[in-house]
Structures are given as structure tokens and as C-alpha cells.
Amino acid sequence: DSVLKTRHQVEMAQDRLAQLQKAYLRLRNDLQQVRFRPARDGFGDMQPSLRASDAGYLEFTRGGWTNPLFLPRAGMERVAYRFEEGDLIRMSWRVLDQAQDSKPAETVLLDGIEEMTWRYLDDQREWQTRWPIEAPDQVDAEVWPPLAVEVTLETKDLGELRFLFRIGAQYAD
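What about the overall build of the protein?
Part 1 of the reasoning: Along the protein, the regular secondary structure elements total one helix and eleven strands.
Part 2 of the reasoning: Mapped from its N terminus to its C terminus, the protein presents α and β elements in the order α-β-β-β-β-β-β-β-β-β-β-β.
Part 3 of the reasoning: For the protein, the C-alpha atoms occupy an extent of roughly 60 × 45 × 30 Å along the three principal directions.
Part 4 of the reasoning: Residue burial in the protein is summarised as follows: out of 173 residues, 38% are buried.
Part 5 of the reasoning: Within the protein, contacts between residues at least 6 apart in sequence are counted, and of these 55% link residues at least 24 apart.
Part 6 of the reasoning: Counting 23 positive and 30 negative side-chain charges, the protein places the averaged centre of each group 6 Å from the other.

Take a look at the structure:
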């Protein structure tokens, strides 16, 4: 009985670690592909290529969207992350410039999160809690993405986890 309980605990820990690794890889792959391409929201308003709120919502344009079936679509994708009720959720849209009826595909990447914060490194090497730094009603869609994005997760089982993702100079294309 003791061996079976231990085995079950080890398997649960392995599953949790695998979930964490998949979430990290998805975040890394998305953030490494950030592109400077503003997009229109569902109301037709231009939005910066990367925008984030103090409330933990991050949305950006990413490149590198493979098209193995040669469908008539762009090689870029609009992606967003949000923290809701202990879950890190990834959203993606099939189009960059959205219509009012554009619905995102949603995937829960990681659950069991107690607290989550994002920070953005500006060109002065100062950390910001939202991006762009200006007030939302003064945002210019031509603002460049930050130099780096940091996400801090607080989980009951793993404690505090901090990930830092560099946004490279290659996003200018």
C-alpha cells in the first residue's frame, strides 16, 4: 500500500511538472515571436502590437504561425494570455484584424495558480506593470513592444516561479 501511494504521488508530481514545462514552452515560443504589427480590435480601433493591463491581461501579435495546409491566411497570429480563477488561459484568433464576431480559441495552459503578475522592461531598463506605459486613452498603436517580459506565478505546490522572456530586436520585420 505504501509503495502504491508513493507511486501515485510521484506520478502526480510528474504530471504537474509536465504541465508547467508545456506552459513555459508555449509562453517562450509565443513571446520569442513577437512582431511589430499593430492590429485592429473588434471595434476597428488600432491596438499596439503588444498591449497589457495591470489586471494581468497580455495581448500581442506573433509571427511564425506555420501554415502546412497552405490556407489563405497570414503567417502572423494575434495571441492573448489572461489569468482567471487560478488558470492561465491562452487565447488565439484566426485573424489579426478582428471583427466584432471574432471568437478566440481558448486553452488552459496551467491551473492551480494562486497569484500571477506580469512586468515589462522598457527601453530605459525600468520595469512597468502595463504596456504601453501611457494611459489607455492616449495609446498610440505605433508603440514598440518592450525589451523583455517577466511573469511571476505563485502556486501552492511549487511556490513562486519567475520566468523572464527576452523580446529580441528581430521583431522589427
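Here we look at the packing of aromatic side chains
Part 1 of the reasoning: Within the structure shown, the criterion is met by six aromatic pairs.
Part 2 of the reasoning: The interplanar angle of 50° and the centroid separation of 6.3 Å between the aromatic rings of phenylalanine 163 and phenylalanine 165 together place this pair among those described as tilted.
Part 3 of the reasoning: Look at phenylalanine 165 and you get buried, because its relative accessible area is 4%.

Focus: the sheet that holds strand β5 (residues 77-84)
Part 1 of the reasoning: Strands sit in the order β3-β4-β5-β6-β7 across an open sheet of five strands; the sheet is antiparallel. On the outer flanks of this sheet lie β3 (50-52) and β7 (105-110), each paired with one strand and no other. The mean inter-strand angle of the sheet, taken between neighbouring strand axes irrespective of direction, is 20°.
Part 2 of the reasoning: Sheet analysis places strand β6 (residues 87-93) next to β7, joined by five bridges and oriented antiparallel. Residue pairing in the sheet places methionine 91 in a bridge with glutamate 106 of β7.
Part 3 of the reasoning: Each of β4 (58-62), β5, β6 and β7 is contacted by helix α1 (residues 2-32), which is oriented at about 125° to β7, the strand it contacts most.

Reading guide: rules and limits
- Residues numbered from 1 in each chain as written.
- Predicted model: local features only at pLDDT ≥ 70, side-chain atom pairs only at ≥ 80, totals over all residues.
- Heavy atoms only, no water.
- Helix = DSSP H or I, 4+ residues; strand = E, 2+ residues; numbered from the N terminus.
- Buried < 20%, exposed > 50% of the residue type's maximum accessible area, 1.4 Å probe, protein only.
- Contact = heavy atoms within 4.5 Å.
- Lys, Arg positive; Asp, Glu negative; His and termini not counted.
- Charge placed at Lys NZ, Arg CZ, Asp CG, Glu CD.
- Phe/Tyr/Trp six-rings, centres within 6.5 Å; stacked < 30°, edge-to-face > 60°.
- Pairing = 2+ DSSP bridges.
- Axes fitted to C-alpha atoms, helices over the stretch in contact; angles between N-to-C directions.

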